[in-house]
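Fold and contact review
Given next are the chains, with one letter for each unit.
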Amino acid sequence: MASFRHLEIAPTVANHPHILIKNSWFGFRPKIYYKPTQAEIDCIRNYYTTSSGNAILQFLLKFQQTPQCAESAKIPIELDDNGSFCLEMCSSRDGQFIAIQLFKYNHLAYDPACEIKVFEGQEATLLKKALAC
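Residues numbered from 1 in each chain as written. Predicted model: local features only at pLDDT ≥ 70, side-chain atom pairs only at ≥ 80, totals over all residues. Heavy atoms only, no water.

Quick notes on the side chain of histidine 16
Structurally, histidine 16 can be placed in the loop between helix H1 (10-14) and strand S1 (19-24). For histidine 16, a relative accessible area of 15% puts it in the buried group. Side-chain polar atoms of histidine 16 contact the side chain of glutamate 120, separated by 3.3 Å. Excluding residues that lie within four positions of it along the chain, histidine 16 makes contacts with Phe97, Val118 and Glu120. (Helix = DSSP H or I, 4+ residues; strand = E, 2+ residues; numbered from the N terminus. Buried < 20%, exposed > 50% of the residue type's maximum accessible area, 1.4 Å probe, protein only. Polar contact = N/O pair within 3.5 Å; in protein donor to acceptor, adjacent residues only side chain to side chain. Contact = heavy atoms within 4.5 Å.)

Given below as structure tokens:
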């Protein structure tokens, strides 16, 4: 699991009205919770191959228009530690909240490939199931 403080999406997630952050043990490791369900949030940063990253990007763009597409989505996901795409995600353990952003490696840095998106409720559950996380 990735450290919340090292994620690019951390400031946006921290400012969301349904997020609660509790510092524990001298503030070294914050715990993040989704307030409505009190579910703990896991932070994930994965790297993907070019083909997987492009497939995820196309899926996320389509998902914004029609969330029901996640029910039948088959996304070819191939992890690669040196991948050209990076996906950062904060997901509640009960699947009711997801904040997600995809980055693409460009000019020696990972630049946003899409805007950060926050989904709650049924949309978040569908997205979490489609991405198998």
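On we go from here.
Brief notes about the packing of aromatic side chains
Where two aromatic rings form a pair, the distance of their centres and the angle of their planes describe that pair. Applying the stated rule across the entire model yields five aromatic pairs. Taken together, a centroid distance of 5.7 Å and an interplanar angle of 35 degrees make the contact between phenylalanine 59 and phenylalanine 63 tilted. Of the two residues, phenylalanine 59 and phenylalanine 63 both sit in helix H2 (residues 50-65), four residues apart, roughly one turn of that helix. Exposure class is identical for phenylalanine 59 and phenylalanine 63. Each is buried. According to the relative accessible area criterion, phenylalanine 63 is buried, its value standing at 0%. Put simply, the rings of Tyr47, Tyr105 and Tyr110 touch in pairs and so form one group of aromatic residues. Its end group placed over the ring of tyrosine 33, lysine 22 keeps NZ or CZ at 5.3 Å from the ring centre. (Phe/Tyr/Trp six-rings, centres within 6.5 Å; stacked < 30°, edge-to-face > 60°. Lys NZ or Arg CZ within 6 Å of the ring centre and 35° of its normal.)

This is a description of form; function is not addressed.
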